[in-house]
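The lines below spell out each chain.
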Amino acid sequence: MLEVNQLTRQYDSYTAVNNVSFTIDKGEIVGLLGHNGAGKTTIMKMLCGYLEPNRGTVQVAGLNLAQEPLRVQRLLGYLPENLPVYPEMSVADYLDYAADLKGLTGATKQAEIKRVIVATDLAAKLLAPISTLSRGYKQRVGVAQAILGAPKLLILDEPTNGLDPEQTRHMRQLIREIAKDATVILSTHIMQEVDALCSRVLILRAGQLVVDARLEEVRRTNHLRLETAMPPAKAGDLHSIAGIARVSSLNDASNAATSVSTNTSTNTSTNPPTGHSYRIELAAEAQQREVCAALAEHLVKAGYALYLLQPEYRDLETLFREVVEDGDAEESDAEEGLNHAA
C-alpha cells in the first residue's frame, strides 16, 4: 500500500531525514517513534506531499506521489499535531469546508460528513464555534476532517492528545475500525498508545530509521523465566540442554514458600508448593520453542514440578530507551573521540 524508498530531506547543511526506506501493507497500524527532532514530522509531511524530498520516492497504492500528487492526496488523511483550524467557524461549517477541499460533493459529501460526526461523537458540538471547544473536542474535529472521504492511508500525529480516558478508548476503537480498510501511521510520544494499537514499530534516531520490526519481535529477549520445584543445587544440570547458555537463581519464590511453610499449622494441604525461580539465558542461535520443550521434558523426567515457564519481554519504553538514548550516547562518545584526535 505504502512504499517509501531512500527518502531524504535536507535544510541547507542539516539532514532532517536520511535515506529512510520502508513498506507498509493495507490493514497495518504502524507506530512512528523518535525523540523531538528525529525526523518524524518531516517524514509525515513528505508522505502527504506538503514537503518535497531532496531524494527518494513515495508510492501510495502504486501511485508515485511526485508524479501524481493530486491523485495520491485524494487517498490520504492527515492529522498534524497542531491542526490549523478557523476558530470563528462552527464544527459543521468546518467539516463542510474540509469536505469541499477533499473534492466531495452532493450526496456523497453529506453522507461522509454524517459518518465522521458519528464516528468522532461530535453531534453535540456541531453548531459550536471551534474557538469555544475544549482541547479534546478540537482533537476530535481534527480526526473527523482526517477521515473524511475514507482515506486509504491515514497519518495521525498524536491523535489522543488532550483526550480523557473514555475518549481515548473510543479513539482507539475508531482507529482499529479504519485500519480494516486502510493503512494507518500513528506518531505519538505515548508508548501505551503504540502498545494498544500497533503491530509494528518504526523508530527514528537523528533522521535515520534504526528499527523496523513487529512489536512481538522487538519485545522478545533471549531469556526465559522458570519456576519449578527443582532446587538450586540441581540448576547446573540444565546446562546439558542444548541452547541454554546460563542459569541464574532468583530465589524469590523459594524464600516466600519456605516462609509460609514454616509458620503455618501442620495441615500442609493449605501450603503453597515449595518453588524456586530461575532466569535462563539462551544462546544466540537457540530456538526458544525447542528449548522450552526440552526444558519442560527434562524437569518432568527428573520428577520436579513445573509451575511457570515463559519468555521474558522488554516493554516498549525500555526498547525505545535502548535504541534511541544509548545510540545518542554512542554518537556523542564518537564525536568526543574525534575532537580529541583533532
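Scroll up to find the structure this text is about.
Since the structure is predicted, the reported quantities are computational estimates derived from the model, not experimental observations.

(A) Helix α10 (residues 288-301), seen in detail. Compared with an ideal rise of 1.5 Å per residue, which puts 14 residues at 20 Å, α10 spans 20 Å between its outermost C-alpha atoms and is within 8% of the ideal. All of the buried residues in α10 are Q288, V291, C292, L295 and L299. The buried residues of α10 occupy an angular sector of 100° when the element is viewed end-on, so they sit on one face. Residues R289, E290, V300 and K301 are exposed on α10 and point more than 90 degrees away from its buried face. Next to the buried residues of α10 lie β11 (220-228), β12 (244-249), β13 (276-282) and β14 (306-313).

(B) Structural view of a nonpolar patch on the surface. Residues Y86, Y97 and L101 make up a contiguous nonpolar surface patch of roughly 310 Å² in combined accessible area. Looking at the secondary structure, you find L101 in helix α3 (residues 91-101). Judged by relative accessible area, L101 falls into the exposed class, the value being 61%.

(C) Representation of the pattern of salt bridges within the structure. Tallying each qualifying case throughout the model produces 15 salt bridges. A salt bridge links R140 to D121, with the shortest nitrogen-to-oxygen separation between them at 3.6 Å. Highlighted residues: R140 in helix α5 (residues 135-147) and D121 in the loop between α4 (106-120) and α5, separated in sequence by 19 residues. Taking the relative accessible area as the measure of exposure, R140 reaches 7% and is therefore buried. Of the charged contacts, one joins E177 and K180 as a salt bridge, the two residues approaching to 3.2 Å between their closest N and O atoms. Taking the relative accessible area as the measure of exposure, E177 reaches 39% and is therefore partly exposed. Among the ionic contacts, a cluster of salt bridges with common partners joins E28, R200, D212 and R214.

Thresholds, definitions, all that
Residues numbered from 1 in each chain as written. Predicted model: local features only at pLDDT ≥ 70, side-chain atom pairs only at ≥ 80, totals over all residues. Heavy atoms only, no water. Helix = DSSP H or I, 4+ residues; strand = E, 2+ residues; numbered from the N terminus. Expected span 1.5 Å × (residues − 1). Buried < 20%, exposed > 50% of the residue type's maximum accessible area, 1.4 Å probe, protein only. Arc of directions from axis to C-beta. Contact = heavy atoms within 4.5 Å. Patch = residues over 30% accessible without salt bridge, like charges linked within 9 Å, V, L, I, M, F, W, Y side chains within 5 Å. Areas by Shrake-Rupley, 256 points an atom, 1.4 Å probe, with all protein chains shown as cover. Salt bridge = Lys/Arg side-chain N within 4 Å of Asp/Glu carboxyl O.

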